[in-house]
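One letter stands for each residue in the lines below.
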Amino acid sequence: MAFATTKQSLEKWHDMVKSGNLTDLNDLLAEDVVFRSPVAFKPYEGKHVVYFILTNVVQIFENFTYHREFYTEDGENVVLEFAANVGEKSLKGIDMIRFNEQGKIIDFEVMIRPMSGLAALAEKMGARFAKYQPN
């Protein structure tokens, strides 16, 4: 059961990322969603800040492509391998996403390499976070 719900939510996620239109992202995020950044030690908690992070990252990444996806046996977790550019820097990474039984994202963790690509992303996101005003 969880597998079908996760797969459906993941299709929505892929459609949003492909189109660059994340207006439906709020429907996909649980209220208490947690985002674990490859840059920050402390996780970000709550729908508002996670929405801000994901919508901005999608704008920063260029030539973003998912390559492979892996599911856990319980169907609640998925790992997505991706590649992208940030300016002149190339990077590869994985999104590790956990869904609840309703198909909402409850945990989103990102790992990125190499350091030069991560540094370029951190710099651009840092500039956007400086302007971020939580409600």
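Residues numbered from 1 in each chain as written. Predicted model: local features only at pLDDT ≥ 70, side-chain atom pairs only at ≥ 80, totals over all residues. Heavy atoms only, no water.

1. Structural notes on the overall build of the protein chain
Stage number 1. Tallying secondary structure elements over the protein chain gives 4 helices and 6 strands in all.
Stage number 2. Counting from the amino terminus, helix and strand elements in the protein chain follow one another as α-α-β-β-α-β-β-β-β-α.
Stage number 3. Over its C-alpha trace the protein chain gives a radius of gyration of 14 Å, about what one expects of a compact globule, namely 14 Å for 135 residues.
Stage number 4. Judged by the C-alpha coordinates and their principal axes, the protein chain covers about 40 × 35 × 30 Å.
Stage number 5. Within the span of the protein chain, comprising 135 residues, buried residues form 43% of the whole.
Stage number 6. Counted over contacts in the protein chain with a minimum sequence separation of 6, partners at least 24 positions apart contribute 48%.
Stage number 7. A total of about 7900 Å² of accessible surface is found on the protein chain, and carbon and sulfur atoms cover 52% of it.
Stage number 8. Distance between charge centres in the protein chain, computed from 15 positive and 19 negative side chains, equals 6 Å. (Helix = DSSP H or I, 4+ residues; strand = E, 2+ residues; numbered from the N terminus. Rg over C-alpha atoms; globule rule 2.2 N^0.38 Å. Buried < 20%, exposed > 50% of the residue type's maximum accessible area, 1.4 Å probe, protein only. Contact = heavy atoms within 4.5 Å. Areas by Shrake-Rupley, 256 points an atom, 1.4 Å probe, with all protein chains shown as cover. Lys, Arg positive; Asp, Glu negative; His and termini not counted. Charge placed at Lys NZ, Arg CZ, Asp CG, Glu CD.)

2. Concerning the pairing of strand 3 (residues 62-71)
Stage number 1. Pairing analysis gives 7 bridges linking strand 3 to strand 4 (residues 77-86), with the strands arranged antiparallel. Within strand 4, the position partnered with Tyr 71 by the bridge is Val 78.
Stage number 2. Linking strand 3 to strand 4, which pair antiparallel, is a turn of 5 residues; within it Gly 75 sits at a positive phi near 75°. (Pairing = 2+ DSSP bridges.)

3. Thoughts on the layout of surface pockets
Stage number 1. Quantified by volume, the largest pocket comes out at close to 470 Å³.
Stage number 2. For the largest pocket, the lining is made up of 28 residues, of which Leu 54, Val 57, Val 58, Phe 61 and Leu 121 are closest to its centre.
Stage number 3. Those elements that provide at least two residues to the lining of the largest pocket are helix 1 (2-19), helix 3 (47-60), strand 3, strand 6 (105-113) and helix 4 (115-129).
Stage number 4. Examining the composition of the lining of the largest pocket, we find that 5 residues originate from one element, helix 4, more than from any other.
Stage number 5. Residue classes in the lining of the largest pocket are distributed as 22 nonpolar, 4 polar and 2 charged. (1 Å grid on protein atoms, 1.4 Å probe; cavity = no way out; pocket = protein on both sides within 12 Å on 5 of 7 lines; lining within 4 Å. Points joined across faces, edges and corners; volume = space filled by probe spheres on them. Nonpolar A, V, L, I, M, F, W, Y, C, P; charged D, E, K, R; others polar.)

4. Considerations on helix 4
Structurally, the α-helix is built with 3.6 residues per turn, so residues lying three or four positions apart point the same way.
Stage number 1. An ideal rise of 1.5 Å per residue puts 21 Å on 15 residues; helix 4 measures up with 20 Å between its terminal C-alpha atoms.
Stage number 2. Within the sequence span of helix 4, burial applies to Gly 117, Leu 118, Ala 120, Leu 121 and Met 125. Down the axis of helix 4, the buried set is contained in an arc of 160°. They therefore lie on one face. Exposed and oriented more than 90 degrees from the buried face of helix 4 are Met 115 and Glu 123.
Stage number 3. The elements touched by buried residues of helix 4 are helix 3, strand 4, strand 5 (89-99) and strand 6. (Expected span 1.5 Å × (residues − 1). Arc of directions from axis to C-beta.)

Interpretation note: all reported values are geometric properties and have no functional meaning in isolation.
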